[in-house]
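# Coordinates in review
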Amino acid sequence: MVPVTASGLGPNIRVVSVVGARPQFVKLAPVAEAFARAGVDHRIIHSGQHYDPAMSGAFFADLAIAAPDVNLGVGSGPHGRQTGVMLAALEDVLERERPDWVLVYGDTNTTLAAALAAVKIHLPVAHLEAGLRSFNRRMPEEHNRVLTDHASDLLLAPTEAAMGHLRREGLAQASRLVGDVMTDVCHRVADAVRPGWRDQSAEGEGPGRFVLATIHRPDNTDAPDRLDGIVQALAELPRPVRLAAHPRLRAKAAEFGIELRRGAIEPVEPLNYPAMVAAVLDSAAVVTDSGGLQKEAYLLGRPCTTVRPETEWVETLAGGWNLLADRPGDIAAAVTRPRPVGPRSQPYGDGHAADKAVAAILAG
Ligand code: UD1
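Structural notes, computed from the coordinates. (Residues numbered from 1 in each chain as written. Predicted model: local features only at pLDDT ≥ 70, side-chain atom pairs only at ≥ 80, totals over all residues. Heavy atoms only, no water.)

### Points about the sheet that holds strand β4 (residues 101-105)
The condition that has to hold: Whether two strands pair comes down to DSSP finding at least two bridges between them. Going along the chain from the N terminus, every DSSP run of H or I of four or more residues is numbered as a helix, and every run of E of two or more is numbered as a strand. Every residue pair with non-hydrogen atoms within 4.5 Å of one another is taken to be in contact. All axes here are fitted lines through C-alpha atoms, helices being fitted over the stretch that makes contact, and every angle between N-to-C directions spans 0 to 180 degrees.
Here we have seven strands laid out as an open sheet, ordered β3-β2-β1-β4-β5-β6-β7, and parallel in their pairing. Here the strands that pair on one side only, and so sit at the sheet edges, are β3 (70-71) and β7 (175-177). Bridge count between strand β1 (residues 14-19) and β4: four bridges; the pairing is parallel. Within β4, the position partnered with V16 by the bridge is V102. Helix-sheet contacts for helix α4 (residues 109-120) involve β1, β4 and β5 (125-128), and the interaxial angle to β4 is about 160°.

Structural data, given as structure tokens:
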């Protein structure tokens, strides 16, 4: 039973969401709305992991998210130090707030720091986007998500595959299938920026005929030969390539003397969320190493090429909508493959995952 306030207006429960990086702001948007609908006292702590206006503020503004109640301003740094500074700062804030639940999102350093800070002071933790696995232990995100899942009291899983991983790790009892909250927001924003997209996306490629690209993972950016190979493969594509450049990509390219503006590539600043959704819909195809963008391409009906050896979002691979091309030499053939014709199923839920997540927290 959910306790009810004296006024009878809503559940007498306080939840603190801890976010810090770009994809978490996107997930927070529908969740904050769902908390408001349920009358939950919901506060937002921003770790400050992302701080550039284009990486942070723009997302709060465009997705109409209330300003964070607290911003820890932690900023960038080596992973261990960044996580440790957040852990210490979060302990103080969470001790002051002592909410009924701490809600953490996804798999960033902010996620792990918040989960650890909460369990150390005996606050219940709910993990949204639980159960994803790449089984690639080189990825910082893989450690973050495994450790967070095993520290959490309530695991809110986006897919059946994620539920399977949690079951195999002995976490079934605490796991709930709620769907993917990014799907909620992706469809809503697509309806706003390109009304009628649902009919158009059945017809084929978008009007732009360009390839939309993002590359930001350390495994792709941090070794000069590999980064140069990926950039050169993009530069040689037979269509214009709009490359939305994450700060790390720009920094590493500059450090290694790799010119991003070459051949087919047109580098642009990181896109805010509505601009990214519009760009996917306008594109002919997507090339990325981002988890969110793979899924957005799938949801919006654009073929995706993923520059990684594996993906957590395995459902996108069905029917050839997403293709893994880890070797730079494989990128061109993947991007120019015939457009998939098969239908796309709905493995990510019905667009109401955030309400289900909130209901699971209230019932938890
Ligand atoms: C983080 C997440 C990753 C997610 C990505 C989305 C971890 C381990 N990784 O990676 O899962 O896909 O966010 O973008 O948490 N920088 C800026 N301005 C900013 C933020 C970062 O210039 O606002 C630069 C800094 O040089 C920084 C680098 O980007 O060192 C990397 O930022 P960081 O937050 O460490 O990780 P991301 O690569 O963004």
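### Re the site of the ligand
Condition: Nearness is defined per residue: one heavy atom within 4 Å of the molecule or strand is enough. Between N or O atoms, a polar contact is any pair within 3.5 Å; within protein, one atom must be a potential hydrogen donor and the other a potential acceptor, and residues adjacent in sequence are included only when both atoms are from side chains. Note on residue categories: nonpolar means Ala, Val, Leu, Ile, Met, Phe, Trp, Tyr, Cys or Pro, charged means Asp, Glu, Lys or Arg, and polar means any other residue, Gly included. Segmentation into domains, and thus their bounds, comes from an automatic or database assignment.
Lining the immediate surroundings of the ligand are 22 residues, of which H50, Y51, E141, H246 and R248 lie closest. Between the ligand and H50 there is a distance of 2.7 Å, counted from an oxygen atom to a side-chain nitrogen or oxygen. Partitioning the shell around the ligand into residue classes produces six nonpolar, ten polar and six charged. Residues lining the shell around the ligand come from more than one domain, with at least three contributed by each of domain 1 (14-180 + 349-362) and domain 2 (192-335).

### As for the sheet that holds strand β11 (residues 285-288)
The strands making up a sheet are joined through hydrogen bonds of the backbone, oriented either antiparallel or parallel. Spatially, β10-β9-β8-β11-β12-β13 is the arrangement adopted by the six strands of the open sheet, whose pairing is parallel. With one partner strand each, in any of the chains shown, β10 (265-268) and β13 (322-324) form the two edges of the open sheet. Across the sheet, the mean angle separating the axes of adjacent strands is 20° when strand polarity is ignored. As defined by bridge partners, β11 adjoins strand β12 (residues 304-306) across three bridges and the pair is classed as parallel. Considered in β12, the bridge of V287 is made with T305. Along the sheet, helix α10 (residues 224-235) contacts β8 (211-214), β9 (241-244), β10 and β11; its crossing angle with β10, the most-contacted strand, is approximately 115°.

### Concerning helix α6 (residues 160-168)
The line we're drawing: Only protein chains enter the accessibility calculation, which uses a 1.4 Å probe; a residue is then buried when its area is under 20% of its type maximum, exposed when over 50%, and partly exposed in between.
Among all positions in α6, only A162, M163, G164, H165 and L166 are buried. Considering only its buried residues, α6 is in contact with α5 (140-151), β6 (154-157) and β7. Of the residues trailing α6, G170 is marked for its positive phi of about 80°.

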